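Chain by chain, the residues run as shown.
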Amino acid sequence: MSEQSSARLGLPYLQPAQAQKHVTVNEALARLDGLVNPVLASISRASPPAAAQDGTAFGVPSGASGPWAGRAGHIAIASNGGWVFAAPRAGMRAFIEDEGAGAIHDGEAWAVGAATLSPSGSALCFRAIEAELELSAGAQMAADLTIPHAAMVFGVTARVSAPITGSLSAWSLGTEGALNRFGQGLGLGAGSWARGMLSQPVTYWAPSPLLLTAEGGSFAGGRVRLCAHIAELRLPS
């Protein structure tokens, strides 16, 4: 950083005999508002929203457009109808709102879900992958939620968000070859749930979608919210 800004967060300094001091002070406060205990709405959105509340922050990805063009890797903070930018430093932590996970910055990128972070960028990362499945007619439904390759699964949770209809008496939740791994005899009414905690975590070596299987009949309709709780290893750079 230059002598005109702070070394760590790049906050602008007031200069001797400077006019309009409030402009510099307000910019520094806007940056602090986005950088203290930071919550990033997203680190994958490539274009800024048409309107954003002051203090809303985003991690700018590569290929960003509009006011974010050329700011890849920066934190964009909404301020007074525009944006101020700050460069994250290695070791900075943030919560990534649209991924529902904390992250640690390794000096180049955010390691989402990282519980540990080595000097070379390797990490143990925990994630919760969520999806909502709209059920239709059939005996088995594949959710738009796939357990990634080489992910260790601790469990899967589910909540019936709209009553399940059809000729079935209950349903089970699992993956190919283990159709009831995360629950069986599950309820049909709105609010019914599954807490599929595994006594021993299971590592999946191929991408595996979650499967809902009707018991004693078939599905006709309904909606189920699903969440897989996993751990992954991040490779060193």
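As shown above, the structure is provided for reference.
In this report, we go over the structure that sits alongside the text. Given the structure is predicted, the values throughout are model-derived calculations rather than measurements.

Cut-offs applied
- Residues numbered from 1 in each chain as written.
- Predicted model: local features only at pLDDT ≥ 70, side-chain atom pairs only at ≥ 80, totals over all residues.
- Heavy atoms only, no water.
- Helix = DSSP H or I, 4+ residues; strand = E, 2+ residues; numbered from the N terminus.
- Rg over C-alpha atoms; globule rule 2.2 N^0.38 Å.
- Buried < 20%, exposed > 50% of the residue type's maximum accessible area, 1.4 Å probe, protein only.
- Contact = heavy atoms within 4.5 Å.
- Areas by Shrake-Rupley, 256 points an atom, 1.4 Å probe, with all protein chains shown as cover.
- Lys, Arg positive; Asp, Glu negative; His and termini not counted.
- Charge placed at Lys NZ, Arg CZ, Asp CG, Glu CD.
- Patch = residues over 30% accessible without salt bridge, like charges linked within 9 Å, V, L, I, M, F, W, Y side chains within 5 Å.
- Salt bridge = Lys/Arg side-chain N within 4 Å of Asp/Glu carboxyl O.
- Pairing = 2+ DSSP bridges.
- Axes fitted to C-alpha atoms, helices over the stretch in contact; angles between N-to-C directions.
- Phe/Tyr/Trp six-rings, centres within 6.5 Å; stacked < 30°, edge-to-face > 60°.
- Lys NZ or Arg CZ within 6 Å of the ring centre and 35° of its normal.
- Expected span 1.5 Å × (residues − 1).
- Arc of directions from axis to C-beta.

1. Some thoughts on the overall build of the chain
Of regular secondary structure, the chain possesses 1 helix and 15 strands. A globule of 237 residues ought to have a C-alpha radius of gyration of about 18 Å, yet the chain, at 23 Å, is considerably larger. The principal-axis extent of the C-alpha atoms belonging to the chain is close to 80 × 40 × 25 Å. Put simply, the chain has 237 residues, and 42% of those count as buried. The contacts of the chain with a sequence gap of at least 6 include a subset with a gap of at least 24, amounting to 58%. Summing over all exposed atoms, the chain offers an accessible surface of approximately 12400 Å²; the carbon and sulfur share of this is 53%. Separation of charge centres in the chain, based on 14 positive and 16 negative side chains, amounts to 5 Å.

2. Section: the side chain of threonine 175
One can find threonine 175 in strand β11 (residues 170-175). According to the relative accessible area criterion, threonine 175 is buried, its value standing at 2%. Once residues within four sequence positions are removed from consideration, threonine 175 is found in contact with Ile147, Arg181, Phe182, Tyr204, Ser208, Pro209, Leu210 and Leu211.

3. Remarks on a nonpolar patch on the surface
On the surface, Leu14, Val25, Leu29, Leu32 and Val36 cluster together into a nonpolar patch covering about 410 Å² of accessible area. In this fold, valine 25 is placed in helix α1 (residues 21-35).

4. Quick notes on the sheet that holds strand β8 (residues 123-134)
With antiparallel pairing, 4 strands are arranged side by side in an open sheet as β8-β15-β10-β13. Edge positions in the sheet fall to β8 and β13 (193-204), since each of these pairs with one other strand and no more. Recorded for the sheet is a direction-independent mean angle of 15° between the axes of neighbouring strands.

5. Overview of the packing of aromatic side chains
Applying the stated criterion to the full structure yields 4 aromatic pairs. On the basis of an interplanar angle of 70° and a centroid distance of 6.0 Å, the ring pair of phenylalanine 58 and tryptophan 83 is categorised as edge-to-face. Of this pair, phenylalanine 58 sits in strand β2 (residues 57-59) while tryptophan 83 sits in strand β4 (residues 82-86), and the two are 25 residues apart along the sequence. For phenylalanine 58, a relative accessible area of 6% gives the class buried. For the ring pair phenylalanine 126 and phenylalanine 154, a centre distance of 6.0 Å and an interplane angle of 35° mean the geometry is tilted. Of the two residues, phenylalanine 126 is situated in strand β8 and phenylalanine 154 in strand β10 (residues 151-166); the sequence distance between them amounts to 28 residues. Connected via pairs of aromatic rings, a cluster forms that spans Phe58, Trp68 and Trp83. Over the aromatic face of tryptophan 193 sits the side chain of arginine 195, whose NZ or CZ is 5.1 Å from the ring centroid.

6. Things to note about the pairing of strand β12 (residues 178-186)
The sheet contact formed by β11 and β12 spans 3 bridges and is antiparallel. Bridge pairing in β12 places tryptophan 171 opposite leucine 186. Hairpin connection, β11 to β12: the antiparallel pair is bridged by 2 residues, and glycine 177 has positive phi, about 85°.

7. Here's the deal with the pattern of salt bridges
Scanning the entire structure with this criterion turns up 6 salt bridges. Salt bridges linked by common partners bring Glu132, Glu134, Arg223 and Arg225 together as one network.

8. Focus on unusual backbone geometry
For asparagine 80, which is not a glycine, the phi torsion comes out positive at approximately 55°. Note that asparagine 80 resides in the loop between β3 (75-79) and β4. Among the residues examined, asparagine 80 registers a relative accessible area of 70% and is labelled exposed. Despite not being glycine, alanine 150 has its phi angle at roughly 65°, a positive value. Mapping alanine 150 onto the fold places it in the loop between β9 (140-147) and β10. Residue alanine 150 is classed as partly exposed on the basis of its relative accessible area of 31%.

9. Considering α1
Here α1 is 15 residues long and its end C-alpha atoms lie 21 Å apart, about the 21 Å a rise of 1.5 Å per residue gives. Residues Thr24, Ala28, Ala30, Arg31, Gly34 and Leu35 constitute the buried set of α1. One side of α1 holds all its buried residues, which, seen down the axis, span an arc of 155°. On its buried face, α1 sits against β2, β3 and β4.

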